[in-house]
Amino acid sequence: MWQEDAEKRLDSEGDRLKKAALITGITGQDGAYLARLLLEKGYEVYGTYRRVSTPNFWRLESLGIFGETSLIPVELADTSSIMEAVRIANPDEVYNLGAQSFVEASFEQPIATADVSGVAVTRFLETIRQMKPDTRFYQASTSEMFGSTGNYAMALSEKDILNPQSPYAAAKLYGHVITRIYRDAYDLYASSGVLFNHESPLRGLEFVTRKISNAVAKIKLGLQKELVLGNLDAKRDWGYAPEYVEAMWLMLQREKPDDYVVASGEAHSVREFVVKAFEIAGLDWQNYVVTDKRFLRPLDVDCLLGNPSKAKAQLGWSPRTRFQDLVEIMVKEDLRRWERWLAGERFSWDAPNYPSEARILTRAVRM
């Protein structure tokens, strides 16, 4: 079957009609935006997802691309599953975005996090090396690998020391380093994007930015009374996710593979995000925000600030959406969603699950 699919992408002379891309974690925020971008560029897009009792395709549907992608159930802990996905997609490019990506959950499930977020990268690289070594591979690394620098003014680049402070960051560091090893040892085209925080209305409710924007919308509409958070002083470099997936694609269009920091170059605190979000809704945040020590991590990173100068110089990439605009985009979209719900529109099982939100994690487990 996969051979037939591959042949359909060839013209009468055996040349490809269009590029094919395989995205792991296509149901996530980045996966959905990247799928849309690649479809707009004429790619044939395949995506992997975990086979669960209730599939989570609402992001693809919200972007209007659910029927335009080919979805493959894959377990990242299973090498044979990964090999089958590569056989089916026969990809020119692989974007490895799938992972256990929640920092606090990684303390609770460190072994599973190490396997899915770390060792799985080796499974993919080894599969590509053996089956299709001309494939270009993108590894989703993370700013969490830098850990705590102790210097709020330090803008981190590709040359800075990596000092992970969580099982998640440690697993991602392994994936980052093994990608470089396969690039150097086997001459694979393998690049890593060290992305700093990037948000959007498609963020999950377990991430602090969406927890804030969603709560602000509900408070504004009388559906919630307070917002409970942990460390308000933690600072992050926040950007807009649809722009960050553009950088992923640009990395794989370069003649030679390399690693790049992708960031806005500005750091803002959780408190700043909260103040701006309530301001957009016309509310005073101090009347609604409560802090609780239960929401603090065992180890936390005080500040993460990125230096995207290499990406700008070599990829021609720069962020376009500023911090205040990002917060406004998220708050206004959550307000529209809840207004639609109050007007009687009911979401299906594969929508954002707002009415049954009590089943979602109540803690903000990642920034």
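Residue positions are given per chain, counted from 1 along the sequence in the order it is written. The predicted nature of this model means local features are confined to residues of pLDDT at least 70 and side-chain atom pairs, given and counted, to a pLDDT of 80 or more, with totals for whole chains, interfaces and linings taken over all residues. To get the side-chain values, take all heavy atoms of the structure and skip hydrogens and water.

Undergrad: Would you explain the overall build of the protein in this entry?
TA: Only DSSP runs of H or I covering at least 4 residues are called helices, and only runs of E covering at least 2 are called strands; the numbering of each starts at the N terminus. Of regular secondary structure, the protein possesses twelve helices and 13 strands. The buried share of the protein, taken over its 367 residues, is 53%. We call two residues in contact when some of their heavy atoms are within 4.5 Å. Taking as baseline every contact in the protein between residues at least 6 positions apart, the subset at least 24 positions apart corresponds to 80%. Here the open area of atoms and residues is found with the Shrake-Rupley method and a 1.4 Å probe, where only the protein chains shown may cover a residue. A total accessible area of about 15,900 Å² is found for the protein, and carbon and sulfur atoms account for 49% of it. Think of it in three bands: residues with accessible area under 20% of the maximum for their type are buried, residues over 50% are exposed, and the middle band is partly exposed, with areas taken using a 1.4 Å probe on protein chains only.

Undergrad: Any chance you could explain the packing of aromatic side chains here in plain terms?
TA: Here a ring pair, both rings aromatic, is described through the centre-centre distance and the interplanar angle of the planes. We call Phe, Tyr and Trp rings a pair once their centres come within 6.5 Å, taking the six-membered ring for Trp, and we label the pair stacked below 30 degrees between planes, edge-to-face above 60, and tilted otherwise. Applying the stated criterion across every chain, the model contains twelve aromatic pairs. Relative to Tyr288, the ring of Phe278 has its centre 5.7 Å away and its plane inclined at 5 degrees; by these criteria the two rings are stacked. Separated by ten residues along the polypeptide, Phe278 in helix H10 (residues 270-280) and Tyr288 in the loop between H10 and strand E13 (289-291) bring together distant segments of the chain. Since its relative accessible area comes to 0%, Phe278 is described here as buried.

Undergrad: Would you take a moment to explain the pairing of strand E2 (residues 44-49) for this structure?
TA: Taken residue by residue, a regular strand's side chains alternate between the two faces of the sheet. Where burial is concerned, most of E2 is hidden: five out of the six residues are buried. Bridge analysis of strand E1 (residues 20-24) against E2 gives five bridges, and the strand direction is parallel. Directly across from Ile23, in E2, lies its bridge partner Gly47. If the strands point away from the viewer and the path from the first strand over the helix to the second runs clockwise, then the crossover is right-handed. The β-α-β motif built from E1, the intervening helix H2 (residues 29-40) and the parallel element E2 has right-handed crossover chirality. The pairing criterion is simple: DSSP has to find at least two bridges between the two strands. Across four bridges, the pairing between E2 and strand E3 (residues 70-73) is parallel. Paired with Tyr49 across the bridge in E3 is Pro73.

Undergrad: Looking at this model, I keep getting lost on the sheet that holds strand E4 (residues 93-96). Mind explaining?
TA: In spatial order, the strands read E3-E2-E1-E4-E5-E6-E11; together these seven strands make up an open sheet with parallel pairing. If you trace the sheet from one side to the other, it starts and ends with E3 and strand E11 (259-262), each paired once. Geometrically, the sheet is characterised by an average inter-axis angle of 20 degrees between neighbouring strands, direction not taken into account. Pairing between strand E6 (residues 189-195) and E11: four bridges, direction parallel. In the strand pairing of E11, Ser192 is matched with Asp259. In this analysis, axes come from line fits to C-alpha atoms, helices being fitted only over the stretch in contact, and the angle between any two N-to-C directions falls in the range 0 to 180 degrees. Most of the contacts of H2 go to E1, to which it runs at about 175 degrees, and overall it touches E1, E2 and E4.

Undergrad: Looking at this model, I keep getting lost on H2. Mind explaining?
TA: One turn of an α-helix holds 3.6 residues; hence residues three or four places apart share an orientation. Expected helix span is computed as 1.5 Å times (number of residues minus one). If you check H2, its first and last C-alpha atoms are 17 Å apart, about what twelve residues at 1.5 Å a residue would give, namely 16 Å. Across the twelve residues of H2, ten count as buried, placing the element largely inside the fold. Along H2, the residues that are buried comprise Gln29, Asp30, Gly31, Ala32, Tyr33, Leu34, Ala35, Leu37, Leu38 and Leu39. The inward-facing, buried residues of H2 abut E1, E2, helix H3 (58-62), E4, strand E7 (198-199) and helix H9 (241-251). A positive phi of about 90 degrees marks Gly42, the residue just after H2.

Undergrad: Please explain the nonpolar core as it appears in this structure.
TA: A general feature of soluble globular proteins is that nonpolar side chains tend to end up buried together. To qualify as a nonpolar core, a set must consist of buried Ala, Val, Leu, Ile, Met, Phe, Trp, Tyr and Cys residues joined through side-chain atoms within 4.5 Å. Counting 38 residues, the largest nonpolar core has Ile23, Leu34, Leu38, Tyr95 and Tyr138 as its most contacted members. Within the second largest apolar cluster, 28 residues are counted, among which are Tyr240, Phe323, Leu326 and Met330.

Undergrad: Even after reading the chapter, I still don't get the pairing of strand E5 (residues 136-142), so can you show me in this structure?
TA: The element E5 is extensively covered by neighbouring structure, given that six of its seven residues are classed as buried. Sheet topology places E4 next to E5; four bridges connect them, and they run parallel. Residue pairing in the sheet places Asn96 in a bridge with Gln139 of E5. Bridge count for E5 against E6 is seven bridges, and the pairing is parallel. By the bridge assignment, Ser141 is partnered in E6 with Val194.

Undergrad: So what exactly am I meant to see when it comes to helix H4 (residues 79-89) here?
TA: Buried residues of H4: Ser81, Ile82, Ala85, Val86 and Ala89, and no others. Along H4, the residues classed as buried sweep out an arc of 140 degrees about the axis, all on the same side. Residues of H4 that are buried sit in contact with E1, E2, E3 and helix H6 (110-131). Just downstream of H4 lies Asn90, where phi reads positive at about 45 degrees. Read the arc as the range of directions from the helix axis to the C-beta atoms.

Undergrad: What am I meant to see in the pattern of salt bridges here?
TA: Opposite charge on two side chains lets them pair, provided their charged atoms get close. Salt bridges, as used here, are contacts in which a Lys or Arg side-chain nitrogen is within 4 Å of a carboxyl oxygen on Asp or Glu. In total, this model carries 19 salt bridges according to the counting rule given. Put simply, Glu75 and Arg50 hold a salt bridge, and the shortest N to O gap is 3.7 Å. Here Glu75, found in the loop between E3 and H4, pairs with Arg50, found in the loop between E2 and H3; they are 25 residues apart in sequence, far enough to count as distant. The salt bridge involving Lys332 is made with Glu328; its shortest N-O contact spans 2.6 Å. Taken as a pair, Lys332 and Glu328 lie in helix H12 (residues 323-342) at a separation of four residues, close to a single helical turn. Exposure remark for Lys332: the relative accessible area of 37% places this residue in the partly exposed category. Using a relative accessible area of 28% as the deciding quantity, one classes Glu328 as partly exposed.

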